[in-house]
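Next come the chains, spelled out residue by residue.
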Amino acid sequence: MADGLTIHEAAETTGWSPRMLRYLERVGLVNPPRTGAGYRVFGPGELQRLRTLRELLARFDCGLSDVAFAKRVKDDDELREAVDRWLEAEARRPEGVATDDWLRWEQEKHQRLLAHADAA
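Being a predicted model, the structure only gives us computed values, none of them experimental.

So, how was this worked out
- Residues numbered from 1 in each chain as written.
- Predicted model: local features only at pLDDT ≥ 70, side-chain atom pairs only at ≥ 80, totals over all residues.
- Heavy atoms only, no water.
- pLDDT = per-residue confidence, 0-100.
- Helix = DSSP H or I, 4+ residues; strand = E, 2+ residues; numbered from the N terminus.
- Core = buried A, V, L, I, M, F, W, Y, C linked by side-chain atoms within 4.5 Å.
- Buried < 20%, exposed > 50% of the residue type's maximum accessible area, 1.4 Å probe, protein only.
- Contact = heavy atoms within 4.5 Å.
- Axes fitted to C-alpha atoms, helices over the stretch in contact; angles between N-to-C directions.
- Parallel < 35°, antiparallel > 145°, perpendicular 65-115°, else oblique.
- Nonpolar A, V, L, I, M, F, W, Y, C, P; charged D, E, K, R; others polar.

Caption draft 1: The confidence of the model for the protein, seen in detail. Of all residues in the protein, 98% have pLDDT values of 70 or greater, and the mean over the chain is 95. Per-element averaging of pLDDT across the protein places helix α6 (residues 102-119) at the bottom with 93 and helix α5 (residues 77-88) at the top with 98.

Caption draft 2: The nonpolar core, seen in detail. If you look at the biggest cluster of nonpolar residues, it comprises 15 residues, and the most contacted ones within it are W16, L21, L24, L50 and L53. At the level of elements, α1 (7-14), α2 (18-26), α3 (44-60) and α4 (64-75) are the ones that each hand at least two residues to this core. In this structure L53 touches W16, L24, L29, L64 and V67, once residues within four positions along its chain are discounted.

Caption draft 3: Highlighting the packing of α1 against α2. Two elements in contact, α1 and α2, have axes separated by 9 Å at closest approach and are oriented at 100°. Overall, the two elements α1 and α2 adopt an arrangement that is roughly perpendicular. The segment α1 lies against α2, with I7, H8, A10 and A11 engaging P18, L21 and R22. Broken down by class, the residue content of the contact of α1 with α2 amounts to 5 nonpolar, 1 polar and 1 charged.

See the structure below:
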């Protein structure tokens, strides 16, 4: 392709696998345009995004899932508000649970939730 690289050429150039490039597109971290036939075209802008993504991951010692989640939080108001509320919330002992029983109560609640998830 004269105006860009195929996914395999981009993978060879950047060190990301074609599968990883598809994942990065799916989670919205890169957005290569497509040809009329539907093939991805990786131009200089996409290659720069892939290079700077590697630099970001190395600089902050984080994973792709961290950056993908940050993108979701940035784009989804409801998720952002829920995460903000969770980060600001303080643990509170449920009404009717004595301080001495709180740890056991939380453990049992987790066990019930896990048992329910396993049954589903």
